[in-house]
Amino acid sequence: MLTGKQRSYLRKLAQELDPLVYIGKNDMTKTVLDEMDSLLESRELVKAKIQDTSTLNAKETANEMARLLRAEYVQAIGRRFVLYRKARDPEKRKIILPKAAKRGAR
């Protein structure tokens, strides 16, 4: 689970990203999920866009994809959304998240 500080950091990084996954009239297919899974493994942070031909809602789709791919929902704006998942292989990790604050610390 991401903290607010970590989510904010990822949103900042996502501003520079172009969408790499496009969801069209066939909605969330296995091919789309496989592509997103592959990109999350190699890039960790991925922006997707829902095309005008799709009836999907960006936030609902992002949350469903995050659940299916064991990723974290970062944000949804308009027809675009961003997901994050730390690479399984430590050698491939590119993003270092800010440390989560300890509970009870002031």
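These numbers come from a predicted model, not from an experiment.

A. Representation of helix H2 (residues 30–43) in the model. The end-to-end C-alpha distance of H2, which contains 14 residues, comes to 20 Å, matching closely the 20 Å that a straight helix rising 1.5 Å per residue would cover. Among the residues making up H2, those that are buried are Val-32, Leu-33, Met-36, Leu-39, Leu-40 and Glu-41. Looking at the packing, one finds that the buried side of H2 touches strand S1 (21–23), strand S2 (45–50), helix H3 (58–69) and strand S4 (80–84). Of the residues trailing H2, Glu-44 is marked for its positive phi of about 75 degrees.

B. Just the pairing of S2, in detail. Among the six residues that make up S2, five are buried, leaving the element largely enclosed by the rest of the structure. In this sheet, S2 lies alongside S1 in parallel orientation, the contact comprising three bridges. Residue pairing in the sheet places Tyr-22 in a bridge with Lys-49 of S2. In this view, the connection linking S1 to its parallel neighbour S2 by way of H2 has right-handed handedness.

Rules used throughout
- Residues numbered from 1 in each chain as written.
- Predicted model: local features only at pLDDT ≥ 70, side-chain atom pairs only at ≥ 80, totals over all residues.
- Heavy atoms only, no water.
- Helix = DSSP H or I, 4+ residues; strand = E, 2+ residues; numbered from the N terminus.
- Expected span 1.5 Å × (residues − 1).
- Buried < 20%, exposed > 50% of the residue type's maximum accessible area, 1.4 Å probe, protein only.
- Contact = heavy atoms within 4.5 Å.
- Pairing = 2+ DSSP bridges.
- Right-handed = clockwise from strand over helix to strand, strands pointing away.

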